[in-house]
Amino acid sequence: MRVCIWGARGSLSATFNAERARAKVKAALEIAVEKGIDSTTDLDEFIDNELPFPVRGSYGTNTPCIQVEGEGDDYIICDCGTGLRDLGNRVMSERQGAPGAHFHIFMSHLHWDHVQGFPFFVPAYIPGNRISFYGGHPGIEKVLREQQSEPCFPVHFDNLGAEFDFIRLKSGQKLDVAGVSIEIKAQYHPGGSFGYRFEKGGKSAVYSTDCEHKSATALADKGFVEFFNEADLLIMDAQYSFAEANSIKEDWGHSNNIIAVELSGMAKVKTLCLFHQEPVLDDFQLQKFLEDTKEFSQLAEYRPENIIMAQDGLCIDL
């Protein structure tokens, strides 16, 4: 089972500008001076082995979109944030533009950061492709059509080349798609949201974003520990720090890193992936957020086996 992350930022795309690029270059040069590199240094080895991730890489800027590996011409996707554009371009490249693909898109909810990438999803413009939308909200088609109508967008939904269908799901429902077993669960978020558990070949991954968990113990009574139970991978909303989630951003619909550790630990999750990242944080701040989360986990009664930070382009083999 393979899960790829194409977008992980929450609320809106993150900024990457000249100032942030300069900070990375400066940090790299400081390390290079400290290490004493010269013309004989293997630069690729230096970058890979000496530079920390926030310096040599990036957690990315796209809004939410993940992919769960399906079978053959079937693609399983969660959410249509700006990361969907990159996924679509990859699919077009791999298939060399050939039609006949079936995209199964599972929507957590219909807020803008989770639908805004769809007008730029190139496979939707190709006749012969099919796109099936799944979700617990009744208005998926209406939202997508309104997004691609005047004055918001120049290409109307009716001008897309692919065929479409829309499947309404209910919390607790289970279904099989492209060789993957899927379960849906209602979550706590303004307007409601839905999480998905995917199982294939004895492995399991859970996508649970845009859900506000205020108490790991209280939420256990609502079935989230069972929903997350022994997942190999849990991609979980952890946008805020504990202080933010319990003060100025309470009831905004998002969880914090402390609850994420405790709840995933109670569920005996193997790998917790922190997701729906605060868009104002740069790569250095996200790295600090990850390190703080790991440090707290060592003190927690319940904790997952491993904690990682979501990043654009990250693929995880289970």
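No experiment lies behind these values; they were computed from the predicted model shown.

K.L.:
Please give an account of helix α1 (residues 18-35) that cites residues and values.
P.N.:
Since the α-helix turns once every 3.6 residues, residues separated by three or four places project in the same direction. Helix length check: α1, at 18 residues, gives a terminal C-alpha distance of 26 Å against a target of 26 Å (1.5 Å per residue), a fit within 8%. Three or more residues of α1 are buried, namely K24, A27, A28, I31 and A32. Taken down its axis, α1 places every buried residue within 135° of arc, on the same side. Away from its buried face by more than 90 degrees, α1 exposes A18, E19, R22, L29, V33 and E34. In this fold, the buried residues of α1 make contact with α2 (43-50), α3 (53-56) and α10 (283-297). Just downstream of α1 lies G36, where phi reads positive at about 70°.

K.L.:
Quick one: what's the story with the pattern of salt bridges, residue by residue and with numbers?
P.N.:
Scanning the model with the defined rule gives 13 salt bridges in all. For the salt bridge of R2 with D317, the shortest nitrogen-to-oxygen distance reads 2.8 Å. Residue R2 is located in strand β1 (residues 2-7), and its partner D317 is located in strand β14 (residues 314-317); the two are separated by 315 residues in the primary sequence. The partly exposed category is assigned to R2, whose relative accessible area is 33%.

K.L.:
Give me the lowdown on the pairing of strand β3 (residues 74-78), citing residues and values where you can.
P.N.:
The buried count for β3 comes to 4 of 5 residues, which makes it a mostly enclosed element. Where strand β2 (residues 65-68) lies against β3, 3 bridges are found, and the strand directions are antiparallel. Paired with I66 across the strands is C78, a residue of β3. Where β2 folds back onto β3 in an antiparallel hairpin, the turn is made up of 5 residues, including G72, whose phi is positive at roughly 60°. As judged from the 5 bridges shared by β3 and strand β4 (residues 102-106), these two strands associate in the parallel manner. Counted as the bridge partner of C78 is F106 from β4. In this fold, β3 hands off to helix α4 (residues 83-95), which returns the chain to β4; that crossover is right-handed.

Cut-offs used in this document
- Residues numbered from 1 in each chain as written.
- Predicted model: local features only at pLDDT ≥ 70, side-chain atom pairs only at ≥ 80, totals over all residues.
- Heavy atoms only, no water.
- Helix = DSSP H or I, 4+ residues; strand = E, 2+ residues; numbered from the N terminus.
- Expected span 1.5 Å × (residues − 1).
- Buried < 20%, exposed > 50% of the residue type's maximum accessible area, 1.4 Å probe, protein only.
- Arc of directions from axis to C-beta.
- Contact = heavy atoms within 4.5 Å.
- Salt bridge = Lys/Arg side-chain N within 4 Å of Asp/Glu carboxyl O.
- Pairing = 2+ DSSP bridges.
- Right-handed = clockwise from strand over helix to strand, strands pointing away.

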